[in-house]
Amino acid sequence: MKVRHAMSDYIRSITTISLPPQTGQPILDFEVTMSGDWVPWSAKVPQVEVETHKVASPDIVVPTLDTVRHESLLYTWLAEHKPMVLCGPPGSGKTMTLFSALRSLPDMEVVGLNFSSATTPFAFQMAIEGELDKRGGKNFGPPNGKKLTFFLDDISMPLINDWGDQPTLESTRLVLEQGYFTFLDKDKRGDFKTCEDLQYIAAMQHPTGGRNDIPNRLRSKFFCFNLVLPSMTSINDMYGQMLNGRFTAKEFKPEIGRASCRERV
C-alpha cells in the first residue's frame, strides 16, 4: 500500500491531466469511466448478506474492492483472447478471481491443468489433446466449434533438468507461440497438429523462497498480471460481513450483532 501511495504522489507531481480528488486514497483505487470521470472501485463492490450459520466458511466468497478491481481488469484482457499469467503470493485469490471473471464469458469453457514437478511434456500434450476433436486435415479444436480456455495452475512447478531447462515449459511455449504440437504417432512424426480456438491462462507464485521461475522465453508470451495480498480495508470488509452474518442470526441478541459490526477483525 505504501508503494501505491508513493506512486500516486509521483503521478500527481508530474502530470497536469485531471486526476481524482485528494481523499487519502491512491489513484489505483479509482476507475476512469468512458466519460473521463474518476469513480472509486469501492462504489462497485456489491453488498451481500453472508449467513455463516448456514454456509461453511470455506464456501463463502465475499466481494471486496480488490476482487472487483481485479475481475474488471481480467475481463478486459480475457476479451482479447491472449495468454495471461497471474502471479501472486498464497492467499491473493488467483484461482478464485480468475474463475469469477471467466463466468462472465458464457461462451468460454475452462479446463484446469495442475502442474507439478512430475509433469512431463508428454503428459501436458496428452492433457491438451484429450480435450480436442479433429476438425479436418491436421486441424483440431474443442468439440462443437466452441472455444476452450486451459488454466495452467502452478505453471512454474515442472522440474529443472541438469542443463537448467524445463522441457515441459518449452513444450508449453511451443503451443502458445506457434499454436501446434507434433504428432506422437510413429507414422506421423514430424507433422504438425494445429490447435484452434484455445486460450491459455496460467497462475504461479512469486519465484522466491526456493520456488522456480518460468523461462524468459515463455514469460514473453504472457501478459503478466500481479496480484497482491488483500488490503486492510478488504480484510475488514470480508470478516466484517462474515461476523455480521454470524452474529445477527436469530439466536443472538441484536446488541451482539451491532458490536460485531463495530469491532471488525
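Residues numbered from 1 in each chain as written. Predicted model: local features only at pLDDT ≥ 70, side-chain atom pairs only at ≥ 80, totals over all residues. Heavy atoms only, no water.

A.B. asks: Provide a residue-level description of the packing of aromatic side chains, including the pertinent values.
C.D. replies: Under the definition given, this model contains six aromatic pairs. Taking 5.9 Å as the distance between ring centres and 15° as the angle between the ring planes, the aromatic pair formed by Phe150 and Tyr200 counts as stacked. Of this pair, Phe150 sits in strand 7 (residues 147-153) while Tyr200 is found in strand 10 (residues 198-204), placing the two residues 50 residues apart along the sequence. A single burial state applies to Phe150 and to Tyr200, both of which are buried. Each member of the aromatic cluster is reached from another via a ring pair, and the members are Trp77, Phe223 and Phe225. Residue placement shows Lys193 over the ring face of Phe140; its charged tip is 4.8 Å from the ring centre. (Phe/Tyr/Trp six-rings, centres within 6.5 Å; stacked < 30°, edge-to-face > 60°. Helix = DSSP H or I, 4+ residues; strand = E, 2+ residues; numbered from the N terminus. Buried < 20%, exposed > 50% of the residue type's maximum accessible area, 1.4 Å probe, protein only. Lys NZ or Arg CZ within 6 Å of the ring centre and 35° of its normal.)

A.B. asks: Could you give an account of the nonpolar core, naming the residues involved and the relevant values?
C.D. replies: Ranked by internal contacts, the top residues of the largest apolar core, which has 26 residues, are Ile128, Phe150, Leu152 and Ile155. A total of four residues in this core trace back to one element, the largest contributor, which is strand 10. Dropping the residues within four chain positions of it, Phe150 is found in contact with Val111, Leu113, Ala127, Ile128, Glu131, Leu198, Gln199, Tyr200 and Ile201. The next biggest cluster of nonpolar side chains, apart from the first, holds 12 residues, and it includes Leu74, Ala101, Phe151 and Leu227. (Core = buried A, V, L, I, M, F, W, Y, C linked by side-chain atoms within 4.5 Å. Contact = heavy atoms within 4.5 Å.)

A.B. asks: If you had to explain a nonpolar patch on the surface to someone new, which residues and values would you point to?
C.D. replies: A cluster of nonpolar side chains, namely Phe122, Met126 and Leu184, defines an oily patch on the protein surface of about 280 Å² accessible area. Inspection of the secondary structure puts Leu184 in the loop between strand 8 (180-182) and strand 9 (192-195). Given the relative accessible area of 33%, Leu184 is considered partly exposed. (Patch = residues over 30% accessible without salt bridge, like charges linked within 9 Å, V, L, I, M, F, W, Y side chains within 5 Å. Areas by Shrake-Rupley, 256 points an atom, 1.4 Å probe, with all protein chains shown as cover. Salt bridge = Lys/Arg side-chain N within 4 Å of Asp/Glu carboxyl O.)

A.B. asks: Tell me what's going on with the sheet that holds strand 10, and back it up with residues and numbers.
C.D. replies: Strands sit in the order 4-7-10-3-11 across an open sheet of five strands; the sheet is parallel. Among the strands making up the open sheet, the edge pair consists of strand 4 (108-114) and strand 11 (223-226). In this sheet, neighbouring strand axes are inclined to one another by 20° on average, regardless of whether the strands run parallel or antiparallel. (Pairing = 2+ DSSP bridges. Axes fitted to C-alpha atoms, helices over the stretch in contact; angles between N-to-C directions.)

A.B. asks: Would you mind going over the confidence of the model for the protein in detail, with residue names and values included?
C.D. replies: On average, residues of the protein score 79 in pLDDT, and 78% of them are at 70 or above. Across the protein, the secondary-structure element scoring lowest on mean pLDDT is helix 8 (residues 254-262), at 54, and the one scoring highest is helix 6 (residues 216-219), at 91. (pLDDT = per-residue confidence, 0-100.)

A.B. asks: Please set out the side chain of Ser156 residue by residue, giving values where relevant.
C.D. replies: Mapping Ser156 onto the fold places it in the loop between strand 7 and helix 5 (167-178). On the basis of relative accessibility, which here comes to 6%, the residue Ser156 falls in the buried class.

A.B. asks: With reference to specific residues and values, describe the pattern of salt bridges.
C.D. replies: Summed over the entire model, instances satisfying the criterion amount to 12 salt bridges. Of the charged contacts in the structure, one is a salt bridge between Glu109 and Lys146, with a shortest N-O distance of 3.0 Å. Of this pair, Glu109 sits in strand 4 while Lys146 sits in the loop between strand 6 (139-141) and strand 7, and the two are 37 residues apart along the sequence. A salt bridge links Arg173 to Glu177; the shortest N-O distance between them is 3.0 Å. Of this pair, Arg173 and Glu177 are both found in helix 5, four residues apart, which corresponds to roughly one turn of the helix. Among the residues examined, Arg173 registers a relative accessible area of 17% and is labelled buried. Its relative accessible area of 34% is what places Glu177 among the partly exposed residues. One continuous salt-bridge network, built from bridges that share partners, spans Glu170, Arg173, Glu177, Arg217 and Lys221.

A.B. asks: Which residues make up helix 4 (residues 121-129), and what values go with them?
C.D. replies: Within helix 4 the residues assigned to the buried category are Phe124, Gln125, Ile128 and Glu129. Along the axis of helix 4, the buried positions cluster into a sector of 130°, meaning they face one direction only. Contacts made by the buried residues of helix 4 are with strand 4, strand 7, helix 5, strand 8, strand 9 and strand 10. (Arc of directions from axis to C-beta.)

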